[in-house]
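Take a look at the letters that make up each chain.
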Amino acid sequence: MDQHLSRKPLEGERFPIVVVGGGINGVAIARECARAGRRTLLVEQHDFASGTTSRSTRIIHGGLRYLEHAELGLVRESLRERGHLLRECPHLVHPLHFLLALDENSRRSALTVRMGIWLYRQMADARVGIGSARDEERKLERLLDSGHRWSILNFEDAECEFPERLVAEWLVEAIEAGAVACNHTQVLAIDVRYGRVVGALLRDRLSGREERVETSWVINATGPWVDRICQRSQLKLKQPMVGGIRGSHIVLPRFAGAPEAAIYTEASDGRPIFVIPWNEQILLGTTEVPDTSDPAKTQPAPEEIEYLLKSLLHLFPRSKISAQDVRYSFAGIRPLPFSPDASPSAISRKHFLRDHADDGAAHMISVIGGKLTTAAQLARECAGMLGLSSTSVNAIRIAPVKGLNLLLDQWVAEIGKTGGLSEAAARSIVEWHGKRSQPISRLIAGRPELRAPLCQHNSHIVAEAVDAITNECAATLADVLLRRVPVALGACWSKECSREAAIRIAAAMGWDDMQLGMELEAFENERAAFLRKPGSTEPILAAAD
Ligand SMILES: Cc1cc2nc3c(=O)[nH]c(=O)nc-3n(C[C@H](O)[C@H](O)[C@H](O)COP(=O)(O)OP(=O)(O)OC[C@H]3O[C@@H](n4cnc5c(N)ncnc54)[C@H](O)[C@@H]3O)c2cc1C
């Protein structure tokens, strides 16, 4: 988009801190550093949250499963962070009932799992705040394969249906605190002189411009790309920091009688499988396959799709779901610590911060591993390594979940009134934008034509897209429709919806026909590469490097 082709040049500028990678971890770190008063540059080669962050199962969880590996510290930390997210971002992070279904062949005994759930609840500082799951349990009992003896147990966790939105909110907070954020800008190399970081070489991928910035600290938060930056910067590491483990998902329509609760079960090899109600569809995942290929191009293999479908049919043979029903599939690479001899399930999900002073690059830190759930904690630790004191944890107001629902209702009423919106439209906007709905409703008050829906099938509106471009660094149509206002992940989405949305956004932003055509084509290519219909032969987009 034109305004981004004339982005402010950075050549020769000095930033005390440069954060490389705009996934949830990089954005959280940039926010933390900016809040601590350091002018921070955040650089993302594609778009914020377009990497692993948007390819996850989207559960905000304490990690019941980690109890098996006696990772009590990780579970305690994750449960605490789950509580913070539920209270800080009630519009995006919701409580979720899980039903754990084990049959007579399960590798885990129902008694052991029951004890694990008891311990899990004891370790949480507060309950998630949902009522009894008895009705859902009965519904599940009726649906399960009657040829097996099932044990059903229930527990609570949470879901962030759109981590893309969580990242967008944290990004705006980082910018408000003084950070400079550049998406579609790749770090080509870190400049290290006399054993210490002094700068970074960047390439703006929209304009092609190459620039050098000066810095005292570099945080390498590039997820599964973390080793590549070090290689390009001539750091000599004895072994890779991460060993990529691919996880694949499929998205299915909700089948008749599908439970509202999330289901946690075991696949035939004992691995956990999640069946999650997501975005009015079903998200089914995941797998664990070692994968050292380019993370931008990773795709589910046909065997993984078969494995996931088989696990679903083992639970629900009467659902008659088949490969033809799969709406799309996607995969991401878990940036887990390099552990060539361990089974993928046994590798710790803890995060690590590696100081590269001993690798000949003092003042460079790499982030290894981590989860959506613990990104804010990771950011606080990282700021601590830089000698900065944390601000955000003190700012968290703990309010009861019920009170938060009332707060959301109040926002819906307020923005409905300011923007002249229907309750349904106001609620959709609040659910995705939280308190950022207010600037959107003020935008509509001045330009009522922005109330038009993005497509006929949902109540998200053009004003959200305009706000994304104006205030949330969305630079392409794909940034808008896949991540800031992620309507294109929805059940309805078709090429017709893309066209309709693009025409309306183009009119609101003043794009000419040529720009509209180019944006639309690039969006369709990116969507087809990310959300693949199994069996699709469309080419996978070229990655950044
Ligand atoms: C299959 C799967 C399921 C998961 N499920 C869950 C879950 O349910 N709950 C949970 O809490 N966690 C989950 N996770 C873990 C979680 O998604 C990740 O730990 C988290 O998203 C990692 O975020 P990140 O910011 O470190 O990496 P990323 O999101 O990958 O961000 C790194 C960014 O760096 C950018 N980058 C790379 N190289 C450069 C460069 N040279 N210059 C500039 N930018 C660059 C990339 O484009 C990318 O956007 C899951 C992960 C996977 C793969």
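Residues numbered from 1 in each chain as written. Predicted model: local features only at pLDDT ≥ 70, side-chain atom pairs only at ≥ 80, totals over all residues. Heavy atoms only, no water.

**What to know about the site of the ligand**
Now for step 1: With respect to spatial proximity, 38 residues lie near the ligand, and among them Glu44, Thr52, Thr53, Ile59 and Gly370 are the closest.
Now for step 2: Within the backbone of Gln45, one N or O atom sits 3.0 Å away from a nitrogen atom of the ligand.
Now for step 3: With respect to the ligand, the backbone of Val187 contributes an N or O atom lying 2.9 Å from a nitrogen atom.
Now for step 4: With the chains in place, 97% of the 1000 Å² that the ligand exposes on its own is no longer accessible.
Now for step 5: Among the elements of the structure, α2 (24-35), β7 (185-193), α7 (226-232), β10 (242-253) and β15 (328-337) are those that each provide at least two residues to the shell around the ligand.
Now for step 6: Considering only residue class, the shell around the ligand consists of eleven nonpolar, 21 polar and six charged.
Now for step 7: When residues of the shell around the ligand are sorted by domain, at least three fall in each of domain 1 (8-52 + 164-238 + 349-395) and domain 2 (94-158 + 242-338). (Near = heavy atom within 4 Å. Polar contact = N/O pair within 3.5 Å; in protein donor to acceptor, adjacent residues only side chain to side chain. Areas by Shrake-Rupley, 256 points an atom, 1.4 Å probe, with all protein chains shown as cover. Helix = DSSP H or I, 4+ residues; strand = E, 2+ residues; numbered from the N terminus. Nonpolar A, V, L, I, M, F, W, Y, C, P; charged D, E, K, R; others polar. Domains from an automatic or database assignment.)

**Description of the side chain of Ser78**
Now for step 1: Within the fold, Ser78 resides in helix α3 (residues 72-88).
Now for step 2: Take Ser78: its relative accessible area is 0%, and that puts it in the buried class.
Now for step 3: Residue contacts for Ser78: discarding those within four places in its chain leaves His61, Gly62, Lys371, Thr373 and Thr374. (Buried < 20%, exposed > 50% of the residue type's maximum accessible area, 1.4 Å probe, protein only. Contact = heavy atoms within 4.5 Å.)

**What about the domain arrangement of the protein?**
Now for step 1: Structurally, the protein comprises domain 1 (8-52 + 164-238 + 349-395), domain 2 (94-158 + 242-338) and domain 3 (401-530).
Now for step 2: Taking the mean C-alpha position of each, domain 1 and domain 2 sit 33 Å from one another.
Now for step 3: Every contact between the two is made by eleven residues of domain 1 and, on the other side, twelve residues of domain 2.
Now for step 4: Together, the buried faces of domain 1 and domain 2 total about 1000 Å²; carbon and sulfur atoms form 64% of this surface.
Now for step 5: Looking only at domain 1, the three residues that lose the most surface to domain 2 are Pro224, Arg228 and Arg349, adding up to 44% of its buried area.
Now for step 6: Where domain 1 touches domain 2, the interface holds one salt bridge. (Buried area = accessible area lost by both parts, 1.4 Å probe. Salt bridge = Lys/Arg side-chain N within 4 Å of Asp/Glu carboxyl O.)

**Points about the pattern of salt bridges**
Now for step 1: Per the stated rule, a full pass over the model turns up 35 salt bridges.
Now for step 2: Arg39 is paired through a salt bridge with Glu13; the nearest N and O atoms lie 2.9 Å apart. On the criterion of sequence distance, the pair formed by Arg39 in the loop between α2 and β2 (40-43) and Glu13 in the loop between α1 (2-5) and β1 (14-20) is long-range, its members being 26 residues apart.
Now for step 3: Among the salt bridges present, the one from Glu136 reaches Lys139, with a minimum N-O distance of 3.9 Å. With a gap of three residues between them, Glu136 and Lys139 both fall in helix α5 (residues 134-143), about one helical turn apart.
Now for step 4: Taking the relative accessible area as the measure of exposure, Lys139 reaches 23% and is therefore partly exposed.
Now for step 5: Look at the salt bridges and you will find they share partners, linking Asp47, Asp479, Arg483, Arg484 and Glu526 into a network.

**Examining the environment of Val213**
Now for step 1: As for its placement among the helices and strands, Val213 is situated in strand β9 (residues 210-220).
Now for step 2: Here the alpha-carbon distance between Val213 and Gly369, two residues 156 residues apart in the chain, equals 27 Å.

**A short note on the pairing of strand β8 (residues 196-204)**
Now for step 1: Relative to β8, β7 is paired through eight bridges, and the arrangement is antiparallel. The residue bridging Arg193 from the neighbouring strand is Arg196, located in β8.
Now for step 2: Counting the residues that bridge the hairpin from β7 to β8 gives two residues, and of these Tyr194 lies at a positive phi of roughly 50°.
Now for step 3: Here β8 pairs with β9 via five bridges, running antiparallel. Of the residues in β9, the one forming a bridge with Leu202 is Glu211.
Now for step 4: The loop that links β8 with its antiparallel partner β9 comprises five residues; one of these, Gly208, has a positive phi angle of about 85°. (Pairing = 2+ DSSP bridges.)

**What to know about the confidence of the model for the protein**
Now for step 1: When pLDDT is averaged along the protein, the result is 91, and 93% of the positions lie at 70 or above.
Now for step 2: Contacts for the low-pLDDT stretch residues 394-399, under 50 throughout, to residues beyond four places or in other chains number seven contacts. (pLDDT = per-residue confidence, 0-100.)

**Regarding the environment of Cys89**
Now for step 1: Position of Cys89 among the secondary structure elements: in the loop between α3 and β4 (93-102).
Now for step 2: On a C-alpha basis, the gap between Cys89 and Cys160 in space is 9.4 Å, while along the polypeptide they are 71 residues apart.

**Some thoughts on the environment of Glu519**
Now for step 1: Considering the arrangement of structural elements, one finds Glu519 in helix α17 (residues 513-530).
Now for step 2: The exposure class of Glu519 is buried, given its relative accessible area of 10%.
Now for step 3: For the pair Glu519 and Ala478, spaced 41 residues apart in sequence, the C-alpha separation works out to 7.8 Å.

**What about helix α12 (residues 423-433)?**
Residues spaced three or four apart along an α-helix face the same direction, because each turn holds 3.6 residues.
Now for step 1: Taken together, the buried positions of α12 are occupied by Ala425, Ala426, Ser428, Ile429, Val430, Trp432 and His433.
Now for step 2: Following α12 by one or two positions, Gly434 adopts a phi angle in the positive range, close to 55°.

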